[in-house]
Amino acid sequence: MSGVPGVKEDCEELLGAFLQADTVRFERFAELWRERRFHTIFYGRMRALERNKLTKKTLDVAQQYFLPPYSFQIRVGALYLLYGLYNAQLCQPKQKIRIALKDWPEIQKFQQDLLDSQHYDVAYIFRRLRLARAFHFTAMPKLLTYRTKKRIEESYFKEEFRDPCNRVNSLITNDVLEEMMNIHDHYQKMKCVISADKSQPDKALSLIKDDFVVNLKDITLEHHEWQQNRVILLQNVEETNETENKKKEETLLKSEGSERANALARIKYRSYSAAIEVSKSRRHRQVHLESSESGSSCGKSPSRSKKPSRRPQPARRRGAMQVAKETVTRHIGMPIITEEDSHE
Amino acid sequence: SIDMLMPSEKAEDPDVIPEDGRLLTLRIRKKALQRREETIIVDRACRQETLTYEMESHATGKRPDNTTDLIEEGELLLTLNIFYPVIFQKHKDHKPYQTVLVLGSQKLTELRDSISCVSDLQIGGEFSSQPDQAPEHISKDLYKSAFFYFEGIFYNDKRYPECRDLSRTIIEWSESHDRGYKNLQSLKMEDYVFNDLSLKIGFPYLYCHQGNCEHIIIITDIRLIHRDDCLDRNLYPLLVKKHWLCTRKCFVCKMYTARWVTNRDSLAPGDPCFFCDVCFRMLHYDAEGNKLGEFLAYPYVDPGIFN
């Protein structure tokens, strides 16, 4: 379906402003809405057929932000946006908002969250929409149309609106760690029991790393911190984009789009100095930098193209920044652990 | 609190795009509108647009006179695209279709009755010698069999004794060797409603009638019935979109739709040649009704007859 040009950008701009406001109150949203006179989005001389089609597509665009994986605040903003668009539309009878069957339990959960956290104004808005019968409950989220598309558009999630991905945390929870600790202890005891010396297991039986569970916990914590940092990093990058503040060069984050040599030199410097201290428990596995070839190759790639340049070699380095020329794209390497050189 | 979102002054004209807009949408739209004003001479809805709009919206909000015909809450509404079997070159990329809304509790036979296909109205036979006897038996009455194919099951129309099981051939074919189609079944169309079927959205299914006239059916949407929909059960299956086919006009008067086609006609400028009823008789028969010249004449039903 060919979309309505500009609607996505306008919605994202409004939702972004709402996100900045850092509140979920309707009054704040209404202020932002009035500032932009968003109700005029349906204006423009057009006949009824075209207006129907346009309104339907606009509501469809706004509806996408109402569902996961967007963060809570964005979803609240999307609900307000849907409310505003539904009431501002000029079609008679009004075009409805499509909700797919698979999304309905999540929306119900969302509503329950709202009531639990006492955001009654949001819940009220939702109830108003329900009462006004603004929803079509459908099997599939998008109405199928059959037009040959020139290119397949992928659904694009704006990065900042997403909730940070919590998959690691949901996999390695406290319970899981505790369980693993118990099993680990039990295993050690079993080994002691069957070996000759009762106080510690035989050397021949040591097949796993002893502090495995502790390491796992540390890694999980690190991942979480990295995620936080990344979010902050992205935000900082956006700010420096707008302000072009030269002072930020000193931080690890970015450099100005200035002389090519300067940029290259800075990258090289940073990539060489980016080794970070590891925690005490893993001192014996200090991260070490690789040889200079990789550094030079990573220095060359920004100059080649404006696209976000990925590292040519598989990720075995600590997170240093790659800077593309004028476009500001960041690639933070995943924190990884280098293997021991000698195994026990 | 809707008022918080609406402008306080009510004197705004929705046709005029405000100058101070911060919205990208409006800026783009304004440019498009300006371009249109420069290039289009008369800006008015054409026939096709009026037709499309009318068909989409003519039934919204209708209520039946008789309350037993009211559709209940929780009824499902399916949207089907039924493709025409017409194969013209200009339809290569986008095959024309009609869109029908059907209720979940309606039988398959009701859908079958509502599909209007031009091949149902064909009249077989050559009638140059007896032109007055022509429109007697249309194919719809002669060949009543039809079937739907959904998800591996053929639903045959068995309401009349003349109906045959058209799908038997296919089932026998698939069972004769292992062709990779498992478990094709044959059932009666009139026993089933749409709620009984398990369907895939967007997957092409088949409707076959007249022995070899095949239509592809695609289900585009399933949703719950809504207060603003048409709630009169008698109006369903409801046609909401139809492709407009140009009708062939008579070669002589160029006004009326063609009702006859002739082959090997010594009196006609070309082969085949189309005539409306009046022109056909005037040209080929004299005042007493005798046949003049040599020709073969067949009754013709134009695909655009349902416009």
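See the structure above.
Residues numbered from 1 in each chain as written. Chains lettered and ligands numbered in written order. Predicted model: local features only at pLDDT ≥ 70, side-chain atom pairs only at ≥ 80, totals over all residues. Heavy atoms only, no water.

Colleague: Whenever I open this one, the interface of chain A and chain B confuses me. Can you help?
Modeller: Bring the parts together and some accessible area is lost; that lost area is often taken as the interface size. With 54 residues of chain A at the interface, the matching set in chain B holds 46 residues. Taken together, the two surfaces of chain A and chain B that pack against each other cover about 4,400 Å², and 57% of this comes from carbon and sulfur. In terms of surface lost to chain B, no three residues of chain A exceed Tyr43, Arg45 and Arg47 of chain A, which account for 17% of the buried area on that side. For the pair chain A and chain B, the number of links is two salt bridges. Ionic pairing is found between Asp221 of chain B and Arg98 of chain A, a salt bridge with its closest N-O pair at 3.0 Å. One can count two residue pairs in polar contact (both at pLDDT 80 or more) joining chain A with chain B. Of all elements in the fold, only α1 (7–21), α2 (26–36), α3 (48–64), α4 (72–88), α6 (120–131) and β2 (135–138) of chain A reach the threshold of two or more residues within the side of chain A that touches chain B. (Contact = heavy atoms within 4.5 Å. Buried area = accessible area lost by both parts, 1.4 Å probe. Salt bridge = Lys/Arg side-chain N within 4 Å of Asp/Glu carboxyl O. Polar contact = N/O pair within 3.5 Å; in protein donor to acceptor, adjacent residues only side chain to side chain. Helix = DSSP H or I, 4+ residues; strand = E, 2+ residues; numbered from the N terminus.)

Colleague: Explain the sheet that holds strand β11 (residues 296–299) of chain B to me, please; I cannot follow it from the model alone.
Modeller: Two modes of strand pairing occur in sheets, parallel and antiparallel, and in both the strands are linked by backbone hydrogen bonds. Residue and element names in this part refer to chain B. Strand order in the open sheet made by the three strands is β10-β9-β11, with antiparallel pairing throughout. The open sheet terminates on both sides in strands that have one partner only, identified here as β10 (273–275) and β11. On average, each strand axis in the sheet is inclined to that of its neighbour by 30°, with strand direction left out of account. Two elements, strand β9 (residues 260–263) and β11, share four bridges in a ladder whose sense is antiparallel. Among the inter-strand pairings, Val261 is bridged to a residue of β11, identified as Tyr298. (Pairing = 2+ DSSP bridges. Axes fitted to C-alpha atoms, helices over the stretch in contact; angles between N-to-C directions.)

Colleague: Help me understand the environment of Arg98 of chain A in this model?
Modeller: Summarising the element assignment, Arg98 of chain A is placed in strand β1 (residues 97–100). Considered as a pair, Arg98 of chain A and Phe135 of chain A are 37 residues apart in the sequence and their alpha carbons are 5.8 Å apart. A polar contact is formed between the side chain of Arg98 of chain A and the side chain of Asp221 of chain B, at a distance of 3.0 Å.

Colleague: Mind showing me how you'd approach the pairing of β9 of chain B here?
Modeller: On any regular strand, side chains alternate: one points to one face of the sheet, the next to the other face. Here β9 of chain B runs beside β10 of chain B; their pairing, made up of three bridges, is antiparallel. Opposite Val261 of chain B, over in β10 of chain B, you have Phe274 of chain B as the bridge partner.

Colleague: Is there a simple way to think about the packing of α2 of chain A against α4 of chain A in this case?
Modeller: All names here are of chain A. Viewed as axis vectors pointing N to C, α2 and α4 meet at an angle of 55°, and their least axial separation amounts to 11 Å. Taken together, the axis directions place α2 and α4 in an arrangement best described as oblique. The handedness of the crossing between α2 and α4 is right-handed. On α4, the residues touching Phe26, Phe29 and Trp33 of α2 are Gly77, Tyr80, Leu81, Tyr83, Gly84, Leu85 and Ala88. A breakdown of the residues in the contact of α2 with α4 according to their chemical character gives eight nonpolar, two polar and no charged. (Parallel < 35°, antiparallel > 145°, perpendicular 65-115°, else oblique. Left-handed = near helix turned anticlockwise from the far one by under 90°. Nonpolar A, V, L, I, M, F, W, Y, C, P; charged D, E, K, R; others polar.)

Colleague: Where do I start with the pattern of salt bridges in this structure?
Modeller: Any two side chains of opposite charge can pair, so long as their charged atoms come close to each other. Under the defined criterion, the tally for this structure stands at 14 salt bridges over all chains. Among the salt bridges present, the one from Asp121 of chain A reaches Arg25 of chain A, with a minimum N-O distance of 3.0 Å. One end of the pair, Asp121 of chain A, is in helix α6; the other, Arg25 of chain A, is in the loop between α1 and α2, with 96 residues separating them in the sequence. Between Arg159 of chain B and Asp113 of chain B there is a salt bridge, with its nearest N and O atoms 3.1 Å apart. Highlighted residues: Arg159 of chain B in the loop between β4 (153–156) and α5 (167–176) and Asp113 of chain B in helix α3 (residues 108–114), separated in sequence by 46 residues. In this structure Asp113 of chain B comes out as partly exposed when scored by relative accessible area, which is 45%. Here the salt bridges do not stand alone but share partners, grouping Arg112, Asp113, Asp157 and Arg159 of chain B into one network. (Buried < 20%, exposed > 50% of the residue type's maximum accessible area, 1.4 Å probe, protein only.)

Colleague: Teacher, can you tell me more about unusual backbone geometry here?
Modeller: The omega angle of the peptide bond from Tyr236 of chain B to Pro237 of chain B is -5°, so this bond is cis rather than trans. The topology assignment puts Pro237 of chain B in the loop between β7 (213–224) and β8 (238–241). In this model, Asp22 of chain A sits at a positive phi of 60°, which is unusual for a non-glycine residue. Counting through the fold element by element, Asp22 of chain A comes out in the loop between α1 and α2. Phi at Lys254 of chain B is positive, roughly 55°, even though this residue is not glycine. With respect to the helices, strands and loops of the structure, Lys254 of chain B is situated in the loop between β8 and β9. Judged by relative accessible area, which is 59%, Lys254 of chain B ranks as exposed.

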